[in-house]
Every structure is written in C-alpha cells, then in structure tokens.
Amino acid sequence: PSKQPEGAKLVTMAKLAAALAVLALLGCMARECQADYGHPSPPPTPCSPGHHSTPPSTASPPSPAPVPSPPASAELVVGYYQKTCHRAEDIVRETVRGANAGIMAGLVRLFFHDCFIRGCDASVLLDLADPSSATEKFGPPNLSLRGFEVIDAAKARIEKECGNVVSCADVLAFAGRDATFFLSNKKVYFDMPAGRYDGLVSLINETLIHLPPPFATVEQLKANFASKGLSADEMVTLSGAHTIGASHCSSFDDDLSDRLNASTSDMDPKLMASLEKQCKSDTGSDNKVVQDIKTPNKLDNKYYKNVLSHEVLFASDAALLTADDTSAAVRANAEDNNVWEEKFKAAMVRMGAIEVKTSADGEIRRSCRVLNTY
C-alpha cells in the first residue's frame, strides 16, 4: 500500500463541508490518498474473458427456508432472468466460488458501497462516465475496494452465453449474496430479487458524502442508514459484515479515530498491543490487519461478541454501544447466531432495493467498467 501523509486532513476537510470535500477530492486525484479512506491502485484494465480462468463448477446451494423479508421495489423479482438467461445466477455463483476469502469479503463490501451511492446501480464499477469528473471508484473510501475482476469475469461469461441481457448491478447483487453463502460455510443463503438497470452517473465527489466513515458516531450512522430507508436495527445487522475482511491501519489509527491511544480508546489492551505491532512499519507502509481476530474468514456473529468485549477496530463499531437501541441490538445478535443470520438475509435484500434504476434512467452495460456510449 502507498503512504498517504495528508489523508487525515482530506477526511477532516470533507467532514467540515461538502464544498471543501469536493476541492479535497479533486486535489486527491493528483496525489496519493489514504485508504480504507483508501489506497490507490493502478486503474483496472477493461474486462476480458481471457484474463480469467474458468472457475470450478458447483451445485446450486440448497433451497433456503422462507425468510420474511421487507418487500423490494416493484421492479425487482426473484428469478428475473429465468427466461432470458436461466443460468445467470449459477454463472455468478460459480465465479464467486473461485475467489479467495479476502476477495469474497470484498464483494460484500463492494455491494454495500455501490448501493449507498445513487442506489444499487453498479455505478461503483465504472472507470469512466462523465469526462469532467472521476468516478466513485476513485473516491477515498473506495480506493481499497476489491472484487472487480470477479464481476468482470461473471459478466463476460454471461455475455458469451446469453448476450447483453443481465445488468452489472444484478451481477454485483448476486455476487454479494453468493459471497455471503460461501463465507458462512454455505449456511447463509437467500433469494436475491433482480431486475436492476445500470446507472449512467458516477461522481467522485459523492463518495465522502454518502458513505459512513470509520469514525462515525452512532447518531451519524443512524442518520446515514435512515437516509437510505434502513432502520437502526438494520444498520447494526449489516455492520456484522465487519466479521470478515481486513482493514488498513490508517482507517482506525489516525487523528480522527486514534483507536490505538490508550488514554482515549476503550479498545481491549491486548488487542491494542497486538495491533501496534502489526501496524508498525519501518518503511511507512500502511499495513493491513483482519477485522475479526476470532473468525476472520467466516461470516458469523462473532463481530457482536467482539463489540461487547471491546475487540473491534473502528470507532464506528465501538459507537454501537453508546445508544440504548443499538446496544440492545448488539447484545441480541451476539446471543443467537441464527437470529442474526435471518436478519442479515433480510437486510441484504432490503439494501439491494435502494434506489434501483429502470430502463427509463439506466441501461444494461456490455462492460461493467464503461457506459455503452463509450
């Protein structure tokens, strides 16, 4: 990862005012930026089937028990591609299965970051949209996103088999669902409604505005999720995804979070000491650490137990204990993994219905990285 000496300043400016955020983000394009308030990587190459090996075939997961989920938007239905591309979901599942646990965790995060900016419309996948602005992909919170190559591979296989009938937004939604399935040891499976169209707009200056930062207070988290139509309980439920994946040390050890400061942090002393060693770098590199020290590659309710024992990385995780309703939700999820799993399924479906596009304001991209007009 690259160094970022001005990352904390960037986030602070963005937090103070949207106008300053825009200026900071434009400046960010000319220099390196902090990640998970992110680490820049070379611009990805356009998707090409030849760059990906064929993933191993896998049988469809068992039919899940009915899960009472809040209704999705009218445009979304289960089995949407049964007639136009009946193997679409199988292709995505097979492709996701070929990824490692880190990339699978990245796919769940990629789905979240897509839905929270302009809805679930694959706008986060774009390399180019408006010639006068960089896309969401290059905003500070998104520079450490992973899993783009899995989406590219699945989309390429679908295009070859069915033509241009399956949206990138739906491929991403299926991939988030299937990553959840594999990371839970094939336990957490649910039907993901489809019928999304791909968005036509993707702007870098909207990332800091819409995505909750790792130093957010519980009230800020509630407001952020409420703006997307999600409840405080759903916010706590979806936060459980922090039981998988890894984070750059700069995301929790900076001037805004300062989680490794024993005089101000409530972090467990043993975890703090361990993180100080893991984050130490003689070269100035921004090291990565797992988010869940107990079961880092398994989607389960250990995250909530970690919150209660003060063994979480982010200030936003610790903040869940500072309000009565979110604290009660943390304790309930920690007590019963099955209850949390059912809630997580429903919350993923609910999140997947945020501001979905239709044919009137979207398209079905041939390549997930560029609009059809390019």
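See the structure above.
Remember, it's a predicted structure, so these values are computed and weren't measured experimentally. (Residues numbered from 1 in each chain as written. Predicted model: local features only at pLDDT ≥ 70, side-chain atom pairs only at ≥ 80, totals over all residues. Heavy atoms only, no water.)

### Description of the overall build of the chain
Here comes step 1: Scanning the chain for helices and strands turns up 14 helices and two strands.
Here comes step 2: Buried residues in the chain amount to 55% of all 374 residues.
Here comes step 3: Contacts spanning at least 24 positions in sequence make up 79% of the contacts within the chain whose residues lie at least 6 apart.
Here comes step 4: About 15500 Å² of surface is accessible on the chain, with carbon and sulfur atoms providing 55% of the total. (Helix = DSSP H or I, 4+ residues; strand = E, 2+ residues; numbered from the N terminus. Buried < 20%, exposed > 50% of the residue type's maximum accessible area, 1.4 Å probe, protein only. Contact = heavy atoms within 4.5 Å. Areas by Shrake-Rupley, 256 points an atom, 1.4 Å probe, with all protein chains shown as cover.)

### Structural notes on the side chain of Thr-243
Here comes step 1: Relative to the helices and strands, Thr-243 is located in the loop between helix 9 (232-239) and strand 1 (246-248).
Here comes step 2: Polar side-chain contacts of Thr-243 include one of 2.6 Å to the side chain of Asp-292.
Here comes step 3: The residues contacting Thr-243, other than those within four sequence positions of it, are Asp-292, Thr-295, Pro-296, Lys-298, Leu-299, Asp-300, Lys-302 and Tyr-303. (Polar contact = N/O pair within 3.5 Å; in protein donor to acceptor, adjacent residues only side chain to side chain.)

### Here's the deal with unusual backbone geometry
The general pattern is negative phi for most residues beyond glycine and trans for most peptide bonds.
Here comes step 1: One non-glycine residue, Arg-118, adopts positive backbone phi at about 65 degrees.
Here comes step 2: Structurally, Arg-118 can be placed in the loop between helix 4 (101-115) and helix 5 (148-162).
Here comes step 3: The phi dihedral of Glu-355 falls on the positive side, at around 45 degrees, and the residue is not glycine.
Here comes step 4: According to the relative accessible area criterion, Glu-355 is partly exposed, its value standing at 41%.

### What to know about the pattern of salt bridges
Here comes step 1: Within this structure, the stated rule accounts for 22 salt bridges.
Here comes step 2: For Arg-87, the salt bridge is made with Glu-161, and the minimal N-O distance between the two is 3.1 Å. Residue Arg-87 is located in the loop between helix 2 (18-28) and helix 3 (88-97), and its partner Glu-161 is located in helix 5; the two are separated by 74 residues in the primary sequence.
Here comes step 3: The class for Arg-87 is partly exposed, based on a relative accessible area of 23%.
Here comes step 4: Residue classification places Glu-161 among the partly exposed residues on the basis of a relative accessible area of 43%.
Here comes step 5: Here Arg-177 and Glu-89 are joined by a salt bridge, their closest N and O atoms 2.7 Å apart. On the criterion of sequence distance, the pair formed by Arg-177 in helix 6 (residues 168-183) and Glu-89 in helix 3 is long-range, its members being 88 residues apart. Of the two residues examined, Arg-177 and Glu-89, each falls in the buried class.
Here comes step 6: Taken together, the salt bridges that share partners define one network made up of Glu-89, Asp-90, Arg-93, Arg-177 and Asp-178. (Salt bridge = Lys/Arg side-chain N within 4 Å of Asp/Glu carboxyl O.)

### Structural notes on the environment of Thr-237
Here comes step 1: Relative to the elements of secondary structure, Thr-237 occurs in helix 9.
Here comes step 2: Residue classification places Thr-237 among the buried residues on the basis of a relative accessible area of 1%.
Here comes step 3: When the C-alpha atoms of Thr-237 and Asn-301 are compared, they prove to be 9.6 Å apart, with 64 residues separating the residues in sequence.
Here comes step 4: The residues touching Thr-237, leaving out its near neighbours within four places in the chain, are Tyr-304, Asn-333, Trp-340, Lys-343, Phe-344 and Ala-347.

### Observations concerning the packing of helix 4 against helix 5
Pairs of packed helices are described in terms of their axes, by the angle between the two and the distance that separates them.
Here comes step 1: Where helix 4 meets helix 5, the closest approach of the two axes is 9 Å, and the angle between their N-to-C directions is 85 degrees. Here helix 5 runs roughly perpendicular to helix 4, going by the angle between their axes. Contacts between helix 4 and helix 5 pair Ile-103, Leu-107 and Leu-110 from the former with Phe-148, Glu-149, Val-150 and Ile-151 from the latter. (Axes fitted to C-alpha atoms, helices over the stretch in contact; angles between N-to-C directions. Parallel < 35°, antiparallel > 145°, perpendicular 65-115°, else oblique.)

### Some details on the packing of helix 4 against helix 6
Here comes step 1: At a minimum axis distance of 8 Å, the contact between helix 4 and helix 6 shows a crossing angle of 140 degrees. Looking at the two axes, helix 4 sits oblique to helix 6. For the crossing formed where helix 4 meets helix 6, the hand is left-handed. From helix 4, Ala-101, Met-104, Ala-105, Leu-107, Val-108, Leu-110, Phe-111 and Asp-114 reach across to helix 6, where they touch Leu-172, Ala-173, Ala-175, Gly-176, Ala-179, Thr-180, Phe-182 and Leu-183.
Here comes step 2: Split into classes, the residues belonging to the contact of helix 4 with helix 6 amount to 13 nonpolar, two polar and one charged. (Left-handed = near helix turned anticlockwise from the far one by under 90°. Nonpolar A, V, L, I, M, F, W, Y, C, P; charged D, E, K, R; others polar.)

### Comments concerning the nonpolar core
Here comes step 1: Formed by 72 residues in total, the largest nonpolar core has its most connected members in Val-96, Leu-110, Phe-111, Leu-125, Ile-151 and Met-351.
Here comes step 2: Per element, the largest residue contribution to this core is eleven residues, and it comes from helix 6.
Here comes step 3: Not counting residues up to four positions away in its chain, the partners in contact with Leu-125 are Leu-110, Lys-137, Phe-148, Ile-151, Cys-168, Leu-172, Arg-365, Cys-368 and Arg-369.
Here comes step 4: In this structure, Cys-249, Phe-252, Leu-260 and Phe-314 belong to the second largest nonpolar core, which totals eleven residues. (Core = buried A, V, L, I, M, F, W, Y, C linked by side-chain atoms within 4.5 Å.)

### Topic: the state of the cysteines
Here comes step 1: Under the definition given, this model contains four disulfides.
Here comes step 2: Across the disulfide, Cys-85 is cross-linked to Cys-162 (sulfur-sulfur distance 2.0 Å). The sign of the S-S torsion, about 70 degrees, decides the handedness of the disulfide formed by Cys-85 and Cys-162: right-handed. Of this pair, Cys-85 sits in the loop between helix 2 and helix 3 while Cys-162 is found in helix 5, placing the two residues 77 residues apart along the sequence.
Here comes step 3: Two residues share a disulfide in this structure: Cys-168 and Cys-368, whose sulfurs sit 2.2 Å from each other. Judged by the sign of its S-S torsion, about -95 degrees, the cystine formed by Cys-168 and Cys-368 is left-handed. Remark: Cys-368 occurs in the segment after helix 14 (337-351) and Cys-168 occurs in helix 6; sequence separation between them is 200 residues.
Here comes step 4: Judged by its relative accessible area of 1%, Cys-368 is buried. (Disulfide = S-S within 2.5 Å.)

No statement about biological role is implied by the geometric values presented.
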